[in-house]
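Each chain, letter by letter, is given below.
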Amino acid sequence: MYIIMLGAPGTGKGTIGKEICKKFNLSHLATGDIFREEIKKQTELGIIADKYISKGQLVPDEITISMVESKLDKLDDVVLDGYPRTINQAECLKKYLESKGKSVTAVVNLDVPDEDLVTRTSSRIICSNKECGASFNTKFMPPKQEGICDKCGSPLIKRKDDEPETIRQRLDVYHKNTEKLIEYYVNEGLLFNINIDIYCENVKEVTTAKAVEEINKRR
Ligand code: ADP
Ligand code: ZN
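Just so it is clear, the model here is predicted, and its values are computed rather than measured.

The rules behind the values
Residues numbered from 1 in each chain as written. Chains lettered and ligands numbered in written order. Predicted model: local features only at pLDDT ≥ 70, side-chain atom pairs only at ≥ 80, totals over all residues. Heavy atoms only, no water. Salt bridge = Lys/Arg side-chain N within 4 Å of Asp/Glu carboxyl O. Helix = DSSP H or I, 4+ residues; strand = E, 2+ residues; numbered from the N terminus. Buried < 20%, exposed > 50% of the residue type's maximum accessible area, 1.4 Å probe, protein only. Donors = N, O, S within 2.8 Å, 3.2 Å for Na, K, Ca; no water. Tetrahedral: all angles 85-135°; square planar, octahedral: opposite > 155°, others 65-115°. Pairing = 2+ DSSP bridges. Core = buried A, V, L, I, M, F, W, Y, C linked by side-chain atoms within 4.5 Å. Axes fitted to C-alpha atoms, helices over the stretch in contact; angles between N-to-C directions. Contact = heavy atoms within 4.5 Å. Nonpolar A, V, L, I, M, F, W, Y, C, P; charged D, E, K, R; others polar. Near = heavy atom within 4 Å. Polar contact = N/O pair within 3.5 Å; in protein donor to acceptor, adjacent residues only side chain to side chain. Areas by Shrake-Rupley, 256 points an atom, 1.4 Å probe, with all protein chains shown as cover.

Observations regarding the pattern of salt bridges
For step 1, the next point in the chain: Enumeration according to the criterion identifies 16 salt bridges in this entry.
For step 2, the next point in the chain: D50 serves as the salt-bridge partner of K160, at 3.5 Å between the closest nitrogen and oxygen. Taken together, the residues K160 in the loop between β7 (156–157) and α7 (164–178) and D50 in helix α3 (residues 44–53) connect sequence positions 110 residues apart.
For step 3, the next point in the chain: A residue is classified by how much of its surface remains accessible, and K160, at 60% relative accessible area, is exposed.
For step 4, the next point in the chain: Note that K100 is salt-bridged to D76, the shortest N-O span being 3.7 Å. Separated by 24 residues along the polypeptide, K100 in the loop between α5 (87–99) and β4 (106–111) and D76 in the loop between α4 (61–72) and β3 (78–81) bring together distant segments of the chain.

Listed below in structure tokens is the structure:
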């Protein structure tokens, strides 16, 4: 099973993607998390990726696609979070899966108005432990203890690219590149849309339940 999480920065792709992984026993492959880990380790890939990420731009396709394919070589049931982000990546993914005799099962599109996204993303904090990677929000989903991850007790940190100016740049990139994937996957007959109200109290549970229901119809 291959599930794609689509949505602008800050829609909760990571949080909801992880919930879907738990429900269906899938692996979580998040390109943003992989890049951040490579940057932390200052690998060759990380140093190149950092130049783009810190400006809110996409890492070039030739780097991203081969990185994802080498991860997918070792995985069969996956939630793809943050990939594909361009039509070219989507087409490469299709070909790659075809060569394995597989295909995309469903595409979950999380829909949140832009003004809510800047609000939500600028108050986001994430777990510094990469094995955990839980995401919290000082305004909308605060941890039980300030600055500490509920799940693993590690310190919570702010992402460098979660500053308002970089967030706006990422939203721009999303509208220019990634939004085109909505039409692409509608045409493939794979996409379903979930409208999210970030002010709803149980937004995580409600969104996850809707996603699980739709995925079950398509399995
Ligand atoms: P968000 O969706 O909140 O922006 P991610 O963690 O998914 O966060 O991605 C962070 C950054 O990593 C992106 O702004 C982009 O620079 C880079 N990135 C992640 N996935 C891709 C991808 N598929 N193609 C190119 N760049 C990517
Ligand atoms: Zn944690």
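On we go.
Focus on the coordination of the zinc ion (ligand 2)
For a metal with four donors in a tetrahedral arrangement, the ideal angle between donors is 109.5 degrees, while six donors in an octahedron ideally sit at 90 or 180 degrees.
For step 1, the next point in the chain: Within the first shell, the zinc ion (ligand 2) binds the protein through C127 (SG), C132 (SG), C149 (SG) and C152 (SG), at distances of 2.3 to 2.4 Å.
For step 2, the next point in the chain: Around the zinc ion (ligand 2), the four donor atoms sit at angles spanning 99 to 115 degrees, and that spread fits a shape best called tetrahedral.
For step 3, the next point in the chain: When the donors of the zinc ion (ligand 2) are listed by position in the chain, the intervening gaps give C-x4-C-x16-C-x2-C. A residue pair is termed long-range when its members are at least 10 positions apart, and C132 in the loop between β5 (124–127) and β6 (135–137) and C152 in the loop between β6 and β7 qualify at 20 residues.
For step 4, the next point in the chain: Judged by relative accessible area, which is 18%, C132 ranks as buried.

Description of the sheet that holds β6
For step 1, the next point in the chain: Strand order in the open sheet formed by three strands is β6-β5-β7, with antiparallel pairing between adjacent strands. Edge strands, defined here as strands with exactly one partner in the open sheet, are β6 and β7.

Here's the deal with the nonpolar core
For step 1, the next point in the chain: Counting residues in each nonpolar core, the largest one holds 29 residues, and the members touching the most others are I4, L72, L80, L93, V107 and Y185.
For step 2, the next point in the chain: Mapped by element, the contributors of at least two residues to this core are β1 (2–7), α2 (31–41), α3, α4, β3, α5 and α8 (180–187).
For step 3, the next point in the chain: A total of five residues in this core trace back to one element, the largest contributor, which is α4.
For step 4, the next point in the chain: Ranked by size, the runner-up nonpolar core spans 26 residues in total, among them A8, I20, V79 and I215.

Observations regarding the packing of α5 against α8
For step 1, the next point in the chain: One can describe the packing of α5 onto α8 by two numbers: an axis separation of 10 Å at closest approach and a directional angle of 35 degrees. Contact with α5, carried on its side by I87, A90, E91, L93 and K94, involves K180, L181, Y184 and Y185 of α8 and no other residues of that element.
For step 2, the next point in the chain: Here the contact of α5 with α8 is built from residues that sort into six nonpolar, no polar and three charged.

Concerning the site of ligand 1
For step 1, the next point in the chain: Lining the immediate environment of ligand 1, one finds 20 residues, of which K13, T31, Q57, G82 and R170 sit closest.
For step 2, the next point in the chain: Note that an oxygen atom of ligand 1 is positioned 2.8 Å from one of the side-chain N or O atoms of K13.
For step 3, the next point in the chain: Taking R124, its side chain carries an N or O atom lying 3.1 Å from an oxygen atom of ligand 1.
For step 4, the next point in the chain: Within the complex, 96% of the 550 Å² of free accessible area of ligand 1 lies under protein.
For step 5, the next point in the chain: At four residues, α2 tops the list of elements feeding residues into the shell around ligand 1.
For step 6, the next point in the chain: Its residues assigned to classes, the shell around ligand 1 shows six nonpolar, seven polar and seven charged.

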